[in-house]
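Spelled out, the chains give:
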Amino acid sequence: MDNLFIDTEKVRDLYNHMTDIWPKSDVWYNYTHSQIIRYIKDFISSNICNKDDKIINIGSAGNEYNFPGNHFHVDIAEERIKHCARHFVATAEKLPFPNNFFDRGLCVGSVINYCDPMLVISEISRVLKPNGTLILDFEQSRSYQFIGKSYNTSAQLIESFNSGNKDIIWVFSERHIISMCRTYGLEVSKLKYFHLFTPLVYRICKKEGFAAKFCFMDKFLNKIPHLKKISCNIILTVHKPLKI
């Protein structure tokens, strides 16, 4: 564990050769996908989203999540996006677009967990237009899985899993990500927590499939203010305010 580091080439190779980013047979990831879809659907229903909006879709793997607009697909795994009309092989930390270019954005699927969040969030702030919004999700360190080791640390490299594959990612604290957003002039307007109880089960049994059977506990634990924040995943909306 002391020699953990993220090898970008291995991440690119993993995603280029993955049969399905969100396999329906994987209960854990199928549930994660459903929560992201639900959050995006709620966002669309409560915001004015135009079909002509420019959408930056970071780490998209070719998915648009039914989000209206013209998607600019950014990913390091070229095989996932080469069929898209507007695709750019690039990292989330160095986006190949001018300042104040996008109306909306997506960065979901724990993309930021492979990156330096300071660089990603600064780039998001740079390319969003004033009054632009972006939906971001990440895996956090304030999770039952990390109690007694890296619990609630600002940033920590961990060995994780990805549809049956071993993976190495960063996990971040909620306060760390929110602090980064504020540093770069972004306001957090909404947060949702999910995978609340499943990490505890996984920590005990080390079986992803069995732990995923407890996803239903989210709807109960989300009603308890303190407990709902001890989750594996957080999805949030960031807003770039108009300059005064």
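Residues numbered from 1 in each chain as written. Predicted model: local features only at pLDDT ≥ 70, side-chain atom pairs only at ≥ 80, totals over all residues. Heavy atoms only, no water.

(A) A look at the side chain of D53. Within the fold, D53 resides in the loop between α2 (27-46) and β1 (54-58). Taking relative accessible area as the criterion, D53 reaches 8% and is therefore assigned buried. Each residue touching D53, except ones within four places of it in the same chain, is listed here: G69, N70, D103 and R104. (Helix = DSSP H or I, 4+ residues; strand = E, 2+ residues; numbered from the N terminus. Buried < 20%, exposed > 50% of the residue type's maximum accessible area, 1.4 Å probe, protein only. Contact = heavy atoms within 4.5 Å.)

(B) Looking closely at the layout of surface pockets. In this structure, the largest pocket encloses a volume near 630 Å³. Along the wall of the largest pocket there are 41 residues; nearest its centre are Y15, G109, S110, V111 and Y114. Broken down by secondary-structure element, the contributors of at least two residues to the lining of the largest pocket are α1 (8-17), α2, β2 (70-75), β5 (128-139), β6 (155-162) and β7 (165-172). Residue classes in the lining of the largest pocket are distributed as 22 nonpolar, 14 polar and five charged. (1 Å grid on protein atoms, 1.4 Å probe; cavity = no way out; pocket = protein on both sides within 12 Å on 5 of 7 lines; lining within 4 Å. Points joined across faces, edges and corners; volume = space filled by probe spheres on them. Nonpolar A, V, L, I, M, F, W, Y, C, P; charged D, E, K, R; others polar.)

(C) A look at the pairing of β1. Taking burial as the measure, the five residues of β1 include four buried ones, the bulk of the element. Across five bridges, β1 lies against β2 in parallel orientation. In the sheet register, N57 faces β2, and the bridge partner there is H73. Two elements, β1 and strand β4 (residues 102-107), share three bridges in a ladder whose sense is parallel. Its bridge partner lying in β4, N57 is registered against L106. (Pairing = 2+ DSSP bridges.)

(D) Focus on helix α5 (residues 174-183). By the burial criterion, the buried members of α5 are E174, H176, I177, I178, M180 and C181. Considering only its buried residues, α5 is in contact with α4 (117-127), β5, β7, β8 (187-194) and β9 (233-239). Among the residues trailing α5, G185 stands out with phi positive, at a value near 75°.

(E) How the structure looks around the pattern of salt bridges. This structure, assessed with the given rule, holds six salt bridges. Here R104 ties to D53 by a salt bridge, and the two come within 3.9 Å at their closest N and O atoms. With a gap of 51 residues between them, R104 in strand β4 and D53 in the loop between α2 and β1 connect regions that are remote in the sequence. Like D53, R104 is buried. For K129, the salt bridge is made with D103, and the minimal N-O distance between the two is 3.1 Å. With a gap of 26 residues between them, K129 in strand β5 and D103 in strand β4 connect regions that are remote in the sequence. We classify K129 as partly exposed; its relative accessible area is 27%. (Salt bridge = Lys/Arg side-chain N within 4 Å of Asp/Glu carboxyl O.)

(F) A look at the environment of L95. Within the fold, L95 resides in the loop between β3 (87-89) and β4. Between the alpha carbons of L95 and I58 there is a distance of 8.9 Å; along the sequence they are 37 residues apart.

(G) Inspection of the environment of E64 at higher detail. Structurally, E64 is set in the loop between β1 and β2. Judged by relative accessible area, E64 falls into the partly exposed class, the value being 37%. Residues E64 and N30, 34 residues apart in the sequence, show an inter-C-alpha distance of 16 Å. Ignoring anything within four residues of it in the chain, the contact list for E64 reads N57, H71, H73 and L106. At 2.9 Å, the side chain of E64 forms a polar contact with the side chain of H73. (Polar contact = N/O pair within 3.5 Å; in protein donor to acceptor, adjacent residues only side chain to side chain.)

(H) Highlighting the sheet that holds β1. Ordered by their spatial adjacency, seven strands build an open sheet running β3-β2-β1-β4-β5-β9-β8, and the pairing between neighbours is mixed. Where the open sheet ends on each side, the last strands, each with one partner, are β3 and β8. Across the sheet, the mean angle from the axis of one strand to that of its neighbour is 15°, orientation sign disregarded. Sheet strands in contact with α2 are β4, β5, β8 and β9, and its direction is about 145° off that of β8. (Axes fitted to C-alpha atoms, helices over the stretch in contact; angles between N-to-C directions.)

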